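Coordinate analysis (summary)
Here is what each chain is made of, one letter per residue.
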Amino acid sequence: MKTIQKLKIPANSLPLLQWRDDLKQDIKDLEFVFFNKGILSQVDEYSLVKKAELILMGKNFNTQQLQSILLLLAELDIDAIALSPPEEIEGVITLKLTLNKYPVILKQKLEHLSKSLHIDFALMAEFPDWSKPGLVLMDMDSTTIQIECIDEIARLYGVGDQVSAVTALAMQGKLDFNESLRTRVSKLENMPLSIMQEVADNMPLMPGLQALIKGLKMAGWKVAIASGGFNYFADRLKQDHGFDYTIANNLEINGEYLTGRVLGEIVNADVKARTLKELAERYDIPMSQTIAIGDGANDLVMMDASAMGIAIHAKPIVQQKAAVSLNSLDLEGALVILSSSNDVTWS
């Protein structure tokens, strides 16, 4: 690998796409950009033993933010970094870095810095391959939609405070999920189905959901819901937005009213993880091509079972354990991670 010329990251803050375009305009034969021992350079060939890939993402992403990330990597003695050209995906500016080292402390350092820079990142030794079929299994409440359905129907029925307090403890992992669900559902005894219908008709989608589903379908991926909520709502999302499969809890109904009981097996953390494996087998998808997305403690088992677990606006316990955490972005961040270009050439 021979250095052709040294490059500069502007001292002033410049949008990343403008910096990319300026470089390509100034250097006609630009192919490879490397950050080596603190120096950004144009090089003649790509030669690097990959230990990790780092995807950086932000709605507003500039050269000062990039400089801060590169300086952190240099401080951690990551001395050979290949920069893919920045690109825009669903309104998000993204840049992928290929690293020759993967220090144990890197993720923790990036978490702290990314929050101060208001960007998100994904760091893995190997990402699922977007060019091959895959499976995304998602939680429903506070993941595919912005609400907790049980809290909404409880509020409309007049028992909101009692139910939401139990929900919060369950999502933090402080209560047994099965027992907490039965406790919450028992408070909905004699609730009319018209309340369920009202909430189903007005479920606010998580931003980026429709773009994610569209992108997954175009790439030949399957997308499903495994929810500790209720199939009344999950089935509606499947019908309206094209999910390939949904599984959730079944509420017992007597006439036009809930009985306050759950029928059949409760969809808890273990059932979600089992569903991931069963769907992968059904669709003939290797586990290395599976992704799980959620926000609560009962999503951690399926995240751990997947090739890449993504926490979205998640509780602290989930962010600590998930492979990837989205805080600044919504579900479009998952699409960005998957579809970020594998091409390292700038030409």
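First, a word on what this report is: a plain description of the structure on this page. Everything quoted here is computed from the prediction, not taken from an experiment.

The next subject is the environment of Val43. By secondary structure assignment, the location of Val43 is in strand β3 (residues 39-43). Overall, the relative accessible area of 4% leaves Val43 in the buried class. When the C-alpha atoms of Val43 and Val33 are compared, they prove to be 6.2 Å apart, with 10 residues separating the residues in sequence.

With that settled, consider the side chain of Ser306. On the secondary structure map, Ser306 appears in the loop between α11 (300-305) and β14 (308-312). Looking at Ser306, the relative accessible area reads 10%, which means it is buried. Look past the residues within four positions of Ser306 in its chain and what remains in contact with it is Leu276, Thr290, Ile291 and Ala292.

Moving on to the packing of helix α2 (residues 63-75) against helix α3 (residues 106-117). For the pair α2 and α3, interaxial distance at closest approach is 11 Å and the crossing angle is 160 degrees. In terms of their interaxial angle, α2 and α3 are classed as roughly antiparallel. The handedness of the crossing between α2 and α3 is right-handed. Contacts from Gln65, Ser68, Ile69, Leu72 and Leu73 of α2 reach α3 at Leu106, Lys109, Leu110, Leu113 and Leu117. Among the residues making up the contact of α2 with α3, the classes are represented as seven nonpolar, two polar and one charged.

Formed by 64 residues in total, the largest nonpolar core has its most connected members in Met138, Ile153, Phe233, Ile293, Ile310 and Ile337. Excluding residues that lie within four positions of it along the chain, Ile310 makes contacts with Ile291, Ala292, Ile293, Gly294, Met303, Val324, Leu326, Ala334 and Ile337. Core analysis: the next-biggest nonpolar cluster, separate from the first, contains 37 residues, Leu16, Leu23, Leu106 and Phe121 among them.

Conventions and cut-offs
- Residues numbered from 1 in each chain as written.
- Predicted model: local features only at pLDDT ≥ 70, side-chain atom pairs only at ≥ 80, totals over all residues.
- Heavy atoms only, no water.
- Helix = DSSP H or I, 4+ residues; strand = E, 2+ residues; numbered from the N terminus.
- Buried < 20%, exposed > 50% of the residue type's maximum accessible area, 1.4 Å probe, protein only.
- Contact = heavy atoms within 4.5 Å.
- Axes fitted to C-alpha atoms, helices over the stretch in contact; angles between N-to-C directions.
- Parallel < 35°, antiparallel > 145°, perpendicular 65-115°, else oblique.
- Left-handed = near helix turned anticlockwise from the far one by under 90°.
- Nonpolar A, V, L, I, M, F, W, Y, C, P; charged D, E, K, R; others polar.
- Core = buried A, V, L, I, M, F, W, Y, C linked by side-chain atoms within 4.5 Å.

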